[in-house]
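# Analysis of the macromolecular model
This is what each chain is made of:
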Amino acid sequence: MQIAATYDPEGFKDRGFVQAISEEGDAAGQPRAVADLEAEIGTLEAASAPDAPDHPRWIWPATADLAPALLRRGVRVDRCHDLALTEALLVAYEGRCGAPRSLGAAWARLHGLPVPPDRAEGTLEAPADNPTTQPALFEPDRSGLPPDADPLRAVREVHAEQLRRIAATEHPGRFRLLVAAESAAALAAAEMAHHGLPWRADVHGEILAEILGPRPVDGSPPRAMAAATAELAAALGVRALNPDSAPQVTKAFADVGVKLPSLRRWDLEKIDHPAIPLLLKYKELSRLYSFNGWVWRDTWVVAGRFRPEYTVGGVVTGRWAARGGGALQIARRLRKAVIADPGWVFVAADAAQLEPRILAAMAQDPGMAEATQSDDMYAALAGVFEGSRDQAKLGLLGAMYGQTGGGAAAPLALMRRRFPKATALLDEAAREGERGRLVRSHLGRTCPPPSERWQSAIAGDAEADAADDSNRRSGQVARARGRFTRNFVIQATAAEWAEVLLALLRQRLRRLDGAQLVFFQHDEVLVHVPKEHAAAAAGMIGECAALAGRLVFGPGPVRFPMSVHSVECYGDAK
DNA sequence: GAGTGGAGCGCC
DNA sequence: AAAGGGCGCTCCACTC
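Residues numbered from 1 in each chain as written. Chains lettered and ligands numbered in written order. Predicted model: local features only at pLDDT ≥ 70, side-chain atom pairs only at ≥ 80, totals over all residues. Heavy atoms only, no water.

- Chain A goes by DNA-directed DNA polymerase in an unreviewed UniProt entry, where it is assigned to Catenulispora yoronensis.
- What UniProt records for chain A under Catalytic activity (unreviewed entry) is the sentence "DNA(n) + a 2'-deoxyribonucleoside 5'-triphosphate = DNA(n+1) + diphosphate". (UniProt positions renumbered as here; feature names shortened; annotations may be inferred.)

Below, the structure is given as structure tokens:
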């Protein structure tokens, strides 16, 4: 059963409307005003089992606006159709990537009215002392609907129109799966933000103290950083130096006769001078201090949980973005602070070599598909690449990233010869990009059109006097676009496979009392679960990975193995 | 003093 | 001759 649901944009926070609608998107019941929309949703969710045929699928403006409030009240929703996320997928498919996606925008487009811009998402505030703080009585309305519009009717109309547009895509079944997975992912993201990632502030503090020294009381740099700065200055023969200042560092090295091509670690490591290791040491310490130091811990770890906010579809390729605390860049050495509650464990799973497997499945390349039978594709292909696993990895990754030169040249040539179908798929995507065309993932997520810079570089090509220079530049811009589209088809399809996996896993984990999804990072998932359920959760992850492969690509030979570990500490997972 | 852009790092 | 995709975050330098 599908139920349209929306807050009353005019009313108190909790007021809203619901109405049953048919599979085709038509009204199938009377609209009802309810005094407490969240309670109403909870009641209807609880009225039937999740796998019952009449269990609700909520058609609503935006999961990100509704799900947090529902979770605060203990309401867990099973399925939804997120109109804003779907609208974003559809406008991108139709070549208008980035067009406003709110319910109000979609409704205005439908009626030929001026389209309001999306309301900027508020910047994420550091969490308050009490993470369950009640929201304000009036929530700002983000729907973008004009005040005189009937919100329920807008939901109904936009939904019906979206169903029509989905049916008009080249592969409607695939697109429907994409919409379902994206909507389920939004529910999962809200749940993860609600649960938070277990984080031991005391263990974090021990790591910092060990590496940086005691916490400074006055905002001065910690002991180890001050020492590294002093040693660096001494080695360069200067009295004082700010190692974070590129001009100062460049000049100090120049004064001792060393020309630095850049301050990147990669470039610095090639230079033989006693001050270089000191500079690298400083950069390492400084990164920890400024990015994940005491200030970070005190800001983001509240009541034993790290609570970032995830943005589903926040990246053009369909990967999630995260705001707050750099959630998708948790440094490896800090994962020691991610420790399960007493009696609980993490079941940590990551998809092994996901992107080459995605390529094998998309391209239906028999040689690559054969290699996916192994848990280590690169090792399985070493024979093809003159016995070297490293060369196999270089060839596969280089082909997907658009690398051409350097050490990758030889393995890329082998890749081209031995896996022609896979190479052809990538080359085709790159060619389309270089011509300014759009490319799509397997399920239909579509890349943005070329930037203005790209357009003007190509256009400027014809007019420029210095034709050589201009040609070279426009060629560079076109090739950069080609590398983007080449990678897009793989990264975007990998992201949708991962979202399908997440959607399946989220459903299945309901059977395990207490199990919580607490972290998701592109191809990796962390489940926090009572110890006695760890084996069951691990089994579910493997099953869901295999099922995700069949749902996205249909039956086929490509394997998607997961590497799964039950650990008390995330740092022990790999 | 606030805002912007680039450099650089580290996660996938 | 060389030519690697996506992000978030922090720093500095620079501009207004």
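Resuming the write-up.
### With respect to the pattern of salt bridges
- Enumeration according to the criterion identifies 35 salt bridges in this entry.
- For the salt bridge of Asp36 with Arg73, the shortest nitrogen-to-oxygen distance reads 2.7 Å. Of this pair, Asp36 sits in the loop between β3 (32–34) and α1 (37–46) while Arg73 sits in the loop between α2 (63–72) and β5 (80–82), and the two are 37 residues apart along the sequence.
- Since its relative accessible area comes to 39%, Arg73 is described here as partly exposed.
- When the shortest N-O distance is used, the salt bridge between Arg508 and Glu543 registers 2.7 Å. Of this pair, Arg508 sits in helix α20 (residues 467–508) while Glu543 sits in helix α21 (residues 534–553), and the two are 35 residues apart along the sequence.
- Among the residues examined, Arg508 registers a relative accessible area of 18% and is labelled buried. (Salt bridge = Lys/Arg side-chain N within 4 Å of Asp/Glu carboxyl O. Helix = DSSP H or I, 4+ residues; strand = E, 2+ residues; numbered from the N terminus. Buried < 20%, exposed > 50% of the residue type's maximum accessible area, 1.4 Å probe, protein only.)

### Comments concerning the sheet that holds strand β4 (residues 57–60)
- If you trace the five strands from one edge of the open sheet to the other, you get β3-β2-β1-β4-β5, paired in mixed fashion. Both outer strands of the open sheet, β3 and β5, are each paired with one neighbouring strand and no more. Sheet twist, expressed as the average angle between the axes of neighbouring strands with direction ignored, equals 30°.
- Of the pairings in the sheet, the one linking strand β2 (residues 16–21) to β3 comprises three bridges and is antiparallel in character. Opposite Gly16, over in β3, you have Val34 as the bridge partner.
- Lying over the sheet, helix α3 (residues 83–93) contacts β4 and β5, oriented at roughly 50° with respect to β5. (Pairing = 2+ DSSP bridges. Axes fitted to C-alpha atoms, helices over the stretch in contact; angles between N-to-C directions. Contact = heavy atoms within 4.5 Å.)

### Here we look at the sheet that holds strand β8 (residues 305–306)
- The three strands lie next to each other as β6-β8-β7, forming an open sheet whose pairing is antiparallel. At either margin of the open sheet sits one strand with a lone partner, and together these are β6 (197–198) and β7 (301–302).
- In terms of strand pairing, β6 meets β8 through two bridges, oriented antiparallel. Bridging across to β8, Pro198 finds its partner in Arg305.

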